[in-house]
Structures are given as structure tokens and as C-alpha cells.
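# What the coordinates show
Here is what each chain is made of, one letter per residue.
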Amino acid sequence: MANPTSQLPEVIATEAAQATVEIDAGAGKHVEPELWGLAPFQIVSISMLVLLLIAFFGAKVHKTIGGGLDGKIAAIKEQLDEAKQLRAEAEALRQEYADKIAGAEKDAEAMLANAQHEADALLEKAEADSKAMVERRKRMAEDKIAAAEREAVEDVRNRAVNAATTASRKLIAAKHDAEADQALADKVIAGI
């Protein structure tokens, strides 16, 4: 059997590869970058030194920055105080309107109760008035009926009197003559 490593591709092979490196003797030399003739580490050192000098000796810068920050802090505190005051005013307005709404609801309930009471009173008065009117009309009708009855009785009496008078005349005319009338008239005059 053949060696198992000989069948593996060369990339996975475990044997060390042989590499050769050639150095060109004529290649250019590496040049470091410079600024005003200073190496990079020197530029960084000078920049740090300037920054530290500004930080330690530039008290005006600290005061200016601190003053600016203090001013912004004061402005923010003032805005926060104003916001708190506006919130308190808004809460007071909200409470005031809530009280007004509650008062309006109570007023509406009172008005509704008053209107119901007035409607009940008007209904009772209307019922009493209608009963009184019915009584008056009933009395008036009874009075008219009684008057009509009296008138009818009076009319019947008058007709009876007329009929009796007419019958008496006829009876007297038939039974009395002129002499009987003369005797009767003399008797009435003598009685006076």
C-alpha cells in the first residue's frame, strides 16, 4: 500500500515546504515621512507639549469654557424652572376646569330636577284646571237643563192656563147668557 500522505494535496501536506527568498541588493531605502524636518514622534511630542501648556497655563480658556458651561447650566436650570412653573399652571388650569365641569354637571342635575319638579307642578295644575273646567261645564249644563225644564214647565202651565181659559170661556158662553152675566157683575161689584 502506498503512503497516505503522498495522496493528499500539496496544500495539506505535512512536510515542510522549501522556500527561497532573494534579496535585491539594489532596492531603494525606506524613507520616513517628515514635516518641517521633524520625525513623526517629534511632531506628536510637540503637539502634546502645546496641548499641556494650553491646559495648564491657559486659565482663560478654562474660565471661558467653564463660564460657557456654567451659563448653559444656568440657562437649562432656568428653562427647567420655567417648565415646572408652566406645568404647575397647567395643572391648576386643569383642576379649575375639572371643578368647573363638576360644577356644571351639578348645575345640570339641579336644573333637570327643577325642570322635572316644574313639569310635575304644571301637570298637576293642568289636571286640577281640567277637573274644575269639567265641573263648571257640568254645572252649566245642569243649569241649562234646569232652565229648560223650568221653561218647559212654564210653557206647559201657560198652555194649560190658555186651554183652561179658552175652555172656561166656551163653557161660560155656552151656559151663561147676558142676564146671568149682569147678575154676576152686580154681585162682584157689590162685593167690592
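Residue positions are given per chain, counting from 1 as you read along its sequence in written order. In keeping with the predicted nature of the model, local features appear solely for residues at pLDDT of at least 70, side-chain atom pairs appear and are counted solely at 80 or more, and the whole-chain, interface and lining totals rest on all residues. Hydrogens and waters are ignored; side-chain quantities use all the structure's heavy atoms.

### Overview of the overall build of the protein
Counted only if it meets this: Secondary structure elements are taken from DSSP: a helix is a run of H or I of four residues or more, a strand is a run of E of two residues or more, and numbering for both begins at the N terminus. Three labels apply to residues, based on accessible area from a 1.4 Å probe with only protein chains included: buried if under 20% of the type maximum, exposed if over 50%, partly exposed otherwise in between. Residue-level accessible areas treat just the shown protein chains as cover; the underlying method is Shrake-Rupley with a 1.4 Å probe.
Counting secondary structure elements, the protein contains four helices and zero strands. Moving toward the C terminus, one meets the helices and strands of the protein in the order α-α-α-α. Taking all 192 residues of the protein together, 1% fall into the buried category. Carbon together with sulfur atoms contributes 62% to the accessible area of the protein, which is approximately 18100 Å² in total.

### Some words on the confidence of the model for the protein
Where we set the bar: Per residue, pLDDT measures the predictor's confidence, with a range of 0 to 100.
Chain-level pLDDT for the protein is 81 on average; 82% of the residues reach the 70-or-more range. Summarising per-element confidence for the protein, the mean pLDDT is lowest in helix H1 (residues 4–7) (55) and highest in helix H3 (residues 59–175) (89).

### Details of the pattern of salt bridges
Using the following cut-off: Should a side-chain nitrogen of Lys or Arg be within 4 Å of a carboxyl oxygen of Asp or Glu, the pair is scored as a salt bridge.
The tally for this structure, following the rule as stated, stands at four salt bridges. Linking arginine 94 and glutamate 91 is a salt bridge whose minimum nitrogen-to-oxygen distance equals 3.3 Å. Note that arginine 94 and glutamate 91 are positioned in helix H3 at a spacing of three residues, about one turn of the helix. A salt bridge links lysine 100 to glutamate 96, with the shortest nitrogen-to-oxygen separation between them at 3.4 Å. You can see lysine 100 and its partner glutamate 96 sitting in helix H3, four residues apart, about one turn around the helix. Under the relative-accessibility criterion, glutamate 96 is labelled partly exposed at 38%.

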